[in-house]
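What follows is the residue order along each chain.
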Amino acid sequence: MTDVSRRGFLRSAGGTGLAAAVFPGAALDWPQALEVTRPLASSRGTPAYWRRLREGFLIPDDRIYLNVGTLGAQPQVVVEAVVEHTRRVAETFPPRTDWEALKGHLGRMMNADPSGFVFPRNTTEAMSFVANGLEWEAGDEVLTTHHEHIGGRSCWELVAARYGLILRQLPLPPLGEGPEAVVARFREALTPRTRVISVSHVTFTNGRVLPVDALSRLCREAGIIFVVDGAHPPGLVPVDLDALAPDFYASSPHKWLLAPQGTGLLWMAERWRTRLWPSLASGGWDDLELGAHRFNHLGSLDESRLAGLVAALGFFDEVGLDATYARIRELRRRLIDGLSSIASLRFTSPLDDAQGAGMVSFTLDGVAGLDLQRALGAEGRIRTRVISEFDLGWMRLSPHIYNTDDDIDTAVEHIRRVAHG
């Protein structure tokens, strides 16, 4: 698709209201909403709708991108938002961020008190804010799982080494045992020294949805701090922080929300907004009246990423989050159904929608994950992720709304050819 036709596809009116609200004083003119969403509103959810939507992305027509689990492909509206903000800064007319408008939008999307939002660069930074901001005594215990991403695990390793804490990584029960077994495993592991339970909402290894609601109740009953690595859920599955009631919820909108790289968020419960120690100190770090906003005082800040986050939120307002969730489930199901016909393939992800989200992980008998990745990249220009962590070697595919049905079928066919040698 040419640059001219891409620009024609994106309209510059209709989405500027949110931009002006979040960046007053120098309203940004970037195209915030997709032309396709209204002309094709009656066909929303059809293959034609999703094919047209794909044209709002910069992904080359001959490339299949199946790695949103690492980094989402940004819509052109998001790219333009970042570029426009950067240009305004270079012109010495930097737009001013209206934090309350931005927090309010996220609060509505995640059903959360907006005052609890903080904007670090990613989940890793958010999790470190939490681990380094708590007060510890030697012998305190942190419980987590053996499927945590390094960005959600290393912060606990650091404070354990520094303060003499006990870090226990519990094996998750086999997939067939269900969520009750996960809760039971944590309940049985509790000791009088357990201070924190920290788990992924959706595991990066295989898209397993952990029972965070039940684990949150367990923590409240036991007086334990509950920290959720929510890198994946926003933009992938509904998130209701009011119902979940964690102490802390960290995420990376640069994944399924398709925001720019370096866009993270951290939500903290009200009781922590004046108790957690900041990891980075700048003006106002000790002004408790600021609450959680103290943690947004990070010195000179690249606010272009926040401009991109605003554009991403506007994009999903137009497409619809419910439609997005449904489409990702549909693509995941098509992928599972196609791969199921390959006899030598072994799934390592939950296959039902209740326990699995977005990502599909598997192995091929006699084919190493990295060899499969190289073949898919070379023969099909298919971008994938191999879960080499913990010596697993699993291939992981993660589709999003910019993927077409043909993308999925083509990827399955390439995997079939590799499997058959």
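Anything mentioned here points back to the structure above.
Residues numbered from 1 in each chain as written. Predicted model: local features only at pLDDT ≥ 70, side-chain atom pairs only at ≥ 80, totals over all residues. Heavy atoms only, no water.

Colleague: Help me out: how do you make sense of the overall build of the protein in this one?
Modeller: Looking only at helices and strands, the protein has 14 helices and 13 strands in total. Its C-alpha atoms give the protein a radius of gyration of 22 Å, near enough to 22 Å, the size a compact globule of 421 residues would have. Sorting the 421 residues of the protein into buried and exposed places 56% on the buried side. Within the protein, residue pairs in contact and separated by at least 24 positions form 70% of the contacts whose partners lie at least 6 positions apart. Surface accessibility of the protein: about 16800 Å² in total, with carbon and sulfur atoms responsible for 52%. (Helix = DSSP H or I, 4+ residues; strand = E, 2+ residues; numbered from the N terminus. Rg over C-alpha atoms; globule rule 2.2 N^0.38 Å. Buried < 20%, exposed > 50% of the residue type's maximum accessible area, 1.4 Å probe, protein only. Contact = heavy atoms within 4.5 Å. Areas by Shrake-Rupley, 256 points an atom, 1.4 Å probe, with all protein chains shown as cover.)

Colleague: Is there a simple way to think about the pairing of strand 5 (residues 194-200) in this case?
Modeller: A regular strand places its side chains so that they alternate between the two faces of the sheet. Within strand 5, six of the seven residues are buried, leaving the element largely enclosed by the surrounding structure. Pairing between strand 3 (residues 141-145) and strand 5: three bridges, direction parallel. Bridge pairing in strand 5 links E141 to T194. In terms of strand pairing, strand 5 meets strand 6 (residues 225-229) through five bridges, oriented parallel. Following the sheet pairing, S200 is matched in strand 6 by D229. Regarding the hand of the β-α-β motif, the stretch spanning strand 5, helix 9 (residues 212-222) and strand 6 is right-handed. (Pairing = 2+ DSSP bridges. Right-handed = clockwise from strand over helix to strand, strands pointing away.)

Colleague: Whenever I open this one, helix 9 confuses me. Can you help?
Modeller: Think of an α-helix as 3.6 residues a turn; residues three or four steps apart then line up on the same face. All buried positions along helix 9 are accounted for by V212, L215, S216, L218 and C219. Angular distribution of buried residues about the axis of helix 9 spans 160 degrees; they occupy a single face of the element. On its buried side, helix 9 packs onto helix 8 (178-189), strand 5, strand 6 and helix 10 (241-244). Phi turns positive, to about 70 degrees, at G223, one or two residues after helix 9. (Arc of directions from axis to C-beta.)

Colleague: Where do I start with the packing of aromatic side chains in this structure?
Modeller: Two aromatic rings, taken as a pair, are described by how far apart their centres are and by the angle between their planes. One pass over the full model with this rule turns up eleven aromatic pairs. Consider the rings of F248 and W272, whose centres lie 5.4 Å apart with planes at 40 degrees: the pair is tilted. Of the two residues, F248 is situated in strand 7 (residues 248-251) and W272 in the loop between strand 8 (265-268) and helix 11 (304-319); the sequence distance between them amounts to 24 residues. A relative accessible area of 0% means that F248 is categorised as buried. Every member of this aromatic cluster is reached through a ring pair, and the members are F57, Y65, F315, F316 and Y402. When the ring centre of W136 is taken as origin, the NZ or CZ atom of R195, which lies over that ring, is 5.3 Å away. (Phe/Tyr/Trp six-rings, centres within 6.5 Å; stacked < 30°, edge-to-face > 60°. Lys NZ or Arg CZ within 6 Å of the ring centre and 35° of its normal.)

Colleague: What am I meant to see in the pattern of salt bridges here?
Modeller: In a structure, side chains of opposite charge can pair up when their charged atoms sit close to one another. Following the criterion strictly, the structure yields 26 salt bridges and no others. The closest approach of N and O atoms between R333 and D337, which form a salt bridge, is 3.8 Å. Taken together, the positions of R333 and D337, both in helix 12 (residues 321-339) and four residues apart, correspond to about one turn of that helix. By relative accessible area, which is 29% here, R333 ends up partly exposed. (Salt bridge = Lys/Arg side-chain N within 4 Å of Asp/Glu carboxyl O.)

Colleague: Please clarify how the nonpolar core should be interpreted in this entry.
Modeller: In summary, soluble globular proteins display a tendency toward joint burial of nonpolar side chains. Judged by nonpolar contacts, the single largest core of 88 residues is most densely connected at L134, W156 and F248. With nine residues, helix 11 is the single largest residue contributor to this core. (Core = buried A, V, L, I, M, F, W, Y, C linked by side-chain atoms within 4.5 Å.)

Colleague: How do you make sense of the sheet that holds strand 13 (residues 394-397) when you look at a structure like this?
Modeller: Here we have four strands laid out as an open sheet, ordered 9-10-13-12, and antiparallel in their pairing. This sheet does not close on itself; its edge strands, each paired only once, are strand 9 (345-347) and strand 12 (385-387). Averaged over all pairs of adjacent strands, the angle between their axes in this sheet comes to 35 degrees, without regard to strand direction. Both strand 10 (residues 360-364) and strand 13 contribute to a ladder of three bridges, which runs antiparallel. Opposite S361, over in strand 13, you have R396 as the bridge partner. Together, strand 9, strand 10 and strand 13 form the strand contacts of helix 12, whose direction differs from that of strand 10 by roughly 15 degrees. (Axes fitted to C-alpha atoms, helices over the stretch in contact; angles between N-to-C directions.)

Colleague: Would you take a moment to explain unusual backbone geometry for this structure?
Modeller: Peptide bonds are trans in most cases, and residues, glycine excluded, mostly fall at negative phi. Residues other than glycine seldom take positive phi values, yet R381 does so here, at roughly 50 degrees. Relative to the assigned elements, R381 resides in the loop between helix 13 (369-380) and strand 11 (382-383). Taking relative accessible area as the criterion, R381 reaches 34% and is therefore assigned partly exposed. Phi angles above zero are rare outside glycine, and D391 is one such case at about 60 degrees. Of note, D391 is situated in the loop between strand 12 and strand 13.

Colleague: Explain the environment of L134 to me, please; I cannot follow it from the model alone.
Modeller: Looking at the secondary structure, you find L134 in the loop between helix 6 (123-133) and strand 3. Judged by its relative accessible area of 5%, L134 is buried. Counting along the chain gives 184 residues from L134 to E318, while the straight-line C-alpha distance between them is 39 Å. Apart from residues no more than four positions distant in its own chain, L134 is found in contact with W156, V196, I225, F248, W272 and L276.

Colleague: When you look at the sheet that holds strand 5 in this model, what are you seeing that I'm missing?
Modeller: Within a sheet, adjacent strands bond to each other through the backbone by hydrogen bonds, running parallel or antiparallel. One open sheet accounts for seven strands, arranged 2-8-7-6-5-3-4; its pairing is mixed. Bordering the open sheet on either side are strand 2 (117-118) and strand 4 (166-170), each of which pairs with just one other strand. Taken strand by strand, helix 9 contacts strand 5 and strand 6, and its axis lies near 160 degrees from that of strand 6.

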